[in-house]
Amino acid sequence: MSFTTVLPSSNSKLFKNTTPMSKKHKFKPQFGRNENDRKSSGSGPSHSPAKRPMPPPQAHSTPPRKKARLSNGVASAIQEQRRELPIARGREALIREISANEVTVLIGETGSGKTTQVPQYLLEAGLAQAGMIGITQPRKVAATSLAARVSLEQGTPLGGCVGYAVRFDERAGPDTRVKYLTDGMLTRELLGDPLLSRYSVIVVDEAHERTLRTDLLLANLKRILRERNGSGKQKENPLKVVVMSATMDAEKFSRFFNDAKILYVKGRQHPVKIYHTSQSQTDYIDSAMRTFFQIHVDQPPGDVLIFLPGQEDIESLQKSLEMFSRQLPIDFPTVLIVPMFAALQASQQQDVFKPTPKGSRKCILATNIAETSITIPGVRYVIDTGKSKEKRYLAGPTGSGFDTLLTRDITKSSAMQRAGRAGREGPGFCYRLYTEDAFKQMAAAPEPEILRCSLVQAILQLMCVGQDIQELELMDSPDDDAIISALKNLFIIGAIDDKRRLTPLGRVLASFPLEPAHARAVVASKDLGCTSEILDIVSVLASSSKLFLDVSDKRSEIADVRRKLVHPSGDHLTLLNTVRGYSTVGIADASTQENGKAGRNARREWARQHFVNERTLREAANIRDQLRVSCERAGFDWKVSCGDAEEPVLLALSHGLAQNAALITPDGTYKQTAGQQIVKIHPSSTMADKKVPAIIFDELVYTNQIYARGVSSIQKSFLASLGAFNTRKA
DNA sequence: TGGGGATTT
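Residues numbered from 1 in each chain as written. Chains lettered and ligands numbered in written order. Predicted model: local features only at pLDDT ≥ 70, side-chain atom pairs only at ≥ 80, totals over all residues. Heavy atoms only, no water.

Under an unreviewed UniProt entry, the name given to chain A is RNA helicase, and the source organism is Mycena chlorophos. Recorded under Catalytic activity (unreviewed entry), the UniProt text for chain A is reproduced unchanged: "ATP + H2O = ADP + phosphate + H(+)". UniProt's Sequence similarities (unreviewed entry) comment on chain A is quoted here verbatim: "Belongs to the DEAD box helicase family. DEAH subfamily." (UniProt positions renumbered as here; feature names shortened; annotations may be inferred.)

Engineer: With reference to specific residues and values, describe the environment of Tyr121.
Structural biologist: In this structure, Tyr121 sits in helix α3 (residues 114-124). Along the primary structure Tyr121 and Leu94 are separated by 27 residues, whereas in three dimensions their C-alpha atoms are 8.2 Å apart. When near neighbours in sequence (up to four residues on either side) are disregarded, Tyr121 contacts Arg82, Ile87, Ala88, Arg91, Leu94 and Ile95. (Helix = DSSP H or I, 4+ residues; strand = E, 2+ residues; numbered from the N terminus. Contact = heavy atoms within 4.5 Å.)

Engineer: Tell me about the packing of aromatic side chains, residues and numbers included.
Structural biologist: One pass over the structure, following the stated rule, counts 6 aromatic pairs. Their ring planes at 75 degrees and their centres at 5.3 Å tell us that Phe292 and Phe293 sit as a pair that is edge-to-face. Per residue, the accessibility class of Phe292 equals that of Phe293, and both read buried. Note that Lys639 overlies the ring of Trp638, its terminal NZ or CZ placed 4.8 Å from the centroid. (Phe/Tyr/Trp six-rings, centres within 6.5 Å; stacked < 30°, edge-to-face > 60°. Buried < 20%, exposed > 50% of the residue type's maximum accessible area, 1.4 Å probe, protein only. Lys NZ or Arg CZ within 6 Å of the ring centre and 35° of its normal.)

Engineer: Lay out the pattern of salt bridges in plain terms, naming residues and giving numbers.
Structural biologist: Per the stated rule, a full pass over the model turns up 34 salt bridges. Here Glu124 and Arg91 are joined by a salt bridge, their closest N and O atoms 2.8 Å apart. Here the residue Glu124 occupies a position in helix α3, and Arg91 occupies one in helix α2 (residues 91-100), the gap between them amounting to 33 residues. Since its relative accessible area comes to 23%, Arg91 is described here as partly exposed. (Salt bridge = Lys/Arg side-chain N within 4 Å of Asp/Glu carboxyl O.)

Engineer: If you had to explain the side chain of Arg361 to someone new, which residues and values would you point to?
Structural biologist: Assignment of secondary structure puts Arg361 in strand β14 (residues 360-366). Lacking a salt bridge, the buried Arg361 has Asp303 as its closest oppositely charged neighbour, with an N-O distance of 6.6 Å. Within the local environment of Arg361, its side chain forms a polar contact with the backbone oxygen of Gly302, the two atoms lying 2.9 Å apart. (Lys, Arg positive; Asp, Glu negative; His and termini not counted. Polar contact = N/O pair within 3.5 Å; in protein donor to acceptor, adjacent residues only side chain to side chain.)

Engineer: An account of the pairing of strand β3 (residues 103-108) is needed here, citing residue identities and associated values.
Structural biologist: Among the 6 residues of β3, 6 are classified as buried, and the element is accordingly described as predominantly covered. With burial as the criterion, each face of β3 is covered, one bearing Val103, Val105 and Ile107 and the other bearing Thr104, Leu106 and Gly108. Where β3 and strand β9 (residues 240-245) come together, 5 bridges link them in parallel fashion. Bridge pairing links Val103 to Val241 in β9. Of the pairings in the sheet, the one linking β3 to strand β10 (residues 261-265) comprises 5 bridges and is parallel in character. Looking at the pairing, Ile107 lines up with Tyr264 of β10. (Pairing = 2+ DSSP bridges.)

Engineer: Go over the protein's contact with DNA strand B with me, naming the residues and quoting the values.
Structural biologist: Taken together, 36 residues lie around DNA strand B, and Ala342, Lys389, Lys391, Ser511 and Arg555 are the ones closest in. At the protein interface, 60% of the atoms of DNA strand B within 4 Å belong to sugar or phosphate. Separating a phosphate oxygen of DNA strand B from a backbone N or O atom of Gln311 is a distance of 3.2 Å. Elements represented by at least two residues in the surface near DNA strand B include exactly α5 (183-192), β16 (387-395), α13 (456-464) and β23 (706-714). Tallied by class, the residues present in the surface near DNA strand B amount to 12 nonpolar, 14 polar and 10 charged. (Near = heavy atom within 4 Å. Nonpolar A, V, L, I, M, F, W, Y, C, P; charged D, E, K, R; others polar.)

Engineer: Lay out helix α22 (residues 647-656) in plain terms, naming residues and giving numbers.
Structural biologist: For the α-helix, the turn length of 3.6 residues means that residues three or four positions removed from each other point alike. Within α22, 8 of the 10 residues are buried, leaving the element largely enclosed by the surrounding structure. Taken as a whole, α22 has its buried residues at Pro648, Val649, Leu650, Leu651, Ala652, Leu653, Ser654 and Gly656. Of the surrounding secondary structure, the elements contacted by the buried residues of α22 are α16 (516-528), α17 (531-541), α19 (571-584), β22 (694-702), β23 and α23 (716-721).

Engineer: Got a sec to walk through the packing of α17 against α19? Specific residues and values, please.
Structural biologist: The interhelical angle for the contact between α17 and α19, taken along N-to-C directions, is 95 degrees, at an axis separation of 9 Å. Considering the angle they form, α17 stands roughly perpendicular to α19. Where α17 abuts α19, its residues Ser532, Glu533, Asp536, Ile537, Val540 and Leu541 lie against His572, Leu573, Leu575, Leu576, Val579 and Arg580. Grouping the constituent residues of the contact of α17 with α19 by class yields 7 nonpolar, 2 polar and 3 charged. (Axes fitted to C-alpha atoms, helices over the stretch in contact; angles between N-to-C directions. Parallel < 35°, antiparallel > 145°, perpendicular 65-115°, else oblique.)

Engineer: So what about α16? Which residues, and what values?
Structural biologist: End to end, α16 covers 18 Å across 13 residues, agreeing with the expected 18 Å (1.5 Å per residue, within 8%). Of all 13 residues making up α16, 10 are buried, and the element is well covered by its neighbours. Turning to α16, its buried residues number three or more, namely Pro516, Ala517, His518, Ala519, Arg520, Ala521, Val522, Val523, Ala524 and Ser525. Positive backbone phi, approximately 70 degrees, marks Gly529, located one or two places after α16. (Expected span 1.5 Å × (residues − 1).)

Engineer: Can you tell me about the nonpolar core, naming the residues and giving the values?
Structural biologist: Soluble globular proteins: nonpolar side chains tend toward being buried together. In this structure, Leu216, Ile459, Leu490, Phe512, Val522, Ile534 and Val649 are the most contacted members of the largest nonpolar core, which totals 72 residues. If you look at the next biggest cluster of nonpolar residues, it comprises 32 residues, including Ala88, Ile95, Val166 and Met244. (Core = buried A, V, L, I, M, F, W, Y, C linked by side-chain atoms within 4.5 Å.)

Engineer: With reference to specific residues and values, describe the packing of α17 against helix α21 (residues 614-634).
Structural biologist: The angle between the axes and the distance between the axes are what describe a pair of packed helices. It is at 8 Å that the axes of α17 and α21 come closest, and there the two elements cross at 135 degrees. Regarding the angle of α17 to α21, the classification is oblique. In the crossing of α17 with α21, the sense of the turn from one axis to the other is right-handed. Contact residues: α17 offers Thr531, Leu535, Asp536, Val538, Ser539 and Val540, while α21 offers Ala620, Ile623, Arg624, Leu627, Arg628 and Cys631. Among the residues forming the contact of α17 with α21, the class breakdown is 7 nonpolar, 2 polar and 3 charged. (Left-handed = near helix turned anticlockwise from the far one by under 90°.)

Engineer: Describe a nonpolar patch on the surface, and please don't skip the residues or the numbers.
Structural biologist: On the surface, a nonpolar cluster with roughly 210 Å² of combined accessible area is contributed by Leu70, Val74 and Leu152. Tracing the backbone through its elements, the reader meets Leu152 in helix α4 (residues 140-154). (Patch = residues over 30% accessible without salt bridge, like charges linked within 9 Å, V, L, I, M, F, W, Y side chains within 5 Å. Areas by Shrake-Rupley, 256 points an atom, 1.4 Å probe, with all protein chains shown as cover.)

Engineer: Which residues make up the pairing of strand β18 (residues 428-432), and what values do they have?
Structural biologist: Burial of β18 is extensive: 5 of the 5 residues sit out of reach of the surface. When strand β11 (residues 272-276) meets β18, the two strands line up parallel, connected through 5 bridges. When the sheet's bridge partners are listed, Val272 is paired in β18 with Gly428. Two elements, strand β15 (residues 379-384) and β18, share 4 bridges in a ladder whose sense is parallel. When the sheet's bridge partners are listed, Ile383 is paired in β18 with Tyr431.

Engineer: Tell me about the environment of Pro355, residues and numbers included.
Structural biologist: The topology assignment puts Pro355 in the loop between α10 (346-349) and β14. Residue class for Pro355 comes out exposed when judged on its relative accessible area of 71%. Counting along the chain gives 22 residues from Pro355 to Pro377, while the straight-line C-alpha distance between them is 8.2 Å.

Engineer: Describe the environment of Asp480, listing the residues and the values that go with them.
Structural biologist: Counting through the fold element by element, Asp480 comes out in helix α14 (residues 480-492). Residue Asp480 is classed as partly exposed on the basis of its relative accessible area, which comes to 46%. With 10 residues separating them in the primary sequence, Asp480 and Gln470 have C-alpha atoms 8.4 Å apart.

Next comes the structure, spelled out in structure tokens:
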């Protein structure tokens, strides 16, 4: 039985020039290209064209450190590994350059070891004598795992010489010289220490990702450099900055920091052979499926990772792949299809990390989560559809706005990142389902987040430290329209007055680690006597993952068990019911350790039965604890509860979501009060298809229509009672 | 009838 008869539309293979195992014909690449081939073959850092005289290395001694107990054999093996990293050969040059320059831009390819080694080189060269070396990461898991690795390499316990700080978790102490932290955490430290005077060196890693927090941090670092190192200053406590990035934006970072020196470090990735299609594809799902089977039939063992935009595409491709795998001849390796996306249950996410059984081939269908956040072992083949979903906030003139969540072409840097996922353990292959021309036409890197997100929270926080976003020297400044929209929003919730001055209320709102709208609801709950309820609700809204899991093929079962949790007024009180339902399970007999464990098991089982994401509930509980502390500092009682009364809760939420309200129209559609937009209630809402006079909602998202998500029914009179609503009308 | 991915004293 020939493979081509299995598939409906596979008469022509997409990739004709790959080498089937069966026919060992000569390989003649037509459009395939190995990107590693064009990379420089030199090792160690090579320098940017403008060479400057190099000063002698500074003589410093390494501070004495407490050693962790490690056998000599293990310790020397670790040091041997360090010496074998590509960056090790450039150690002295790196120390010399970073010592000599105020700002250094370091371009390091994947696998160069820059993130673990540079801080240690600087430590060993004595650059952390006066203060710490701080290394920022966009993601928490990176900060914690890097700190663990580096403390092992230093032979000191975690939290000793090497530590980390991320939200809800800190392992750092008086001895800490090297601290890994999230960029958000360091931005927060700015509030209490505007000059970051505890740090001698700040290393900004993954700067190419251009997250909102990285950009705000870079702007502040530029200011701090002027203040701490500026001419005429005594330079008692100078700061050094190292910006680390993938290759794309090196010159831009360099220009931003007054033509800072650029250093390059070659990486150690296995070569990845890249193929493009000869013609552009109209149906990437079908193309992905045909390409997978082409690999499966022709190519040696190795798992396949397919990048897709979202859950819907993943599930649809999963069905097709399963259907056609069943028709494969019996002697073919079994196909094991594993989906991977953020909203997946934790237990199912674990499946991608399980070793592939002998005689089978794993096919992972993943979103962008596999591009940076997780690394899947065993992948040898990558299929890149060239698409991803991108969220972009469109600020409206009335202080409300909406997110678009649309499938778009990826960028060159994303395409290279995806390809690199095939070369982590050995030589790999990447099949791009787009032409080489299409690749060349892709944008170099994603637009910085600061140009794509709501600025409400960022502006409020900047105002609290006396900074004006329009005067701040950012790498990319947002449009005036986006700034004006955010200012209007801040005015509506009372955070600023009509002269754009921060109000006392605004300062209180900024003291909560929440979006200003949610913080406004918390403040409103004080007078309404429902702080306990509001904290339970906003802590879930502030969590990074969704509360309710959805498994498409169990839809009716899910609806049945959820019915008990659904509140007639909508999603916010349904959230509250869920948080409370979960937290009362297994509490009765938590008095002993044994019973405490039983309680945890009972709660896990409850979450499983109700298709509720326990990870979200645990994260929400952490956030709630943090919010309780914020409440105490702001001087109000977080325990105060309104019992079963729903009205105060909805009214408090309405204060925060004043600009996110809509009224029903005679034809049964909802029209927002801030603006003329017709909005539809999202199908995932408990309010979907319900007709009520007035609603508030958490957000608007445009996919194929403008949907309101997180919807509650409110009394129309609530809106009139909000000062903000009247102000806007006036 | 539909949910890219991070993050906060």
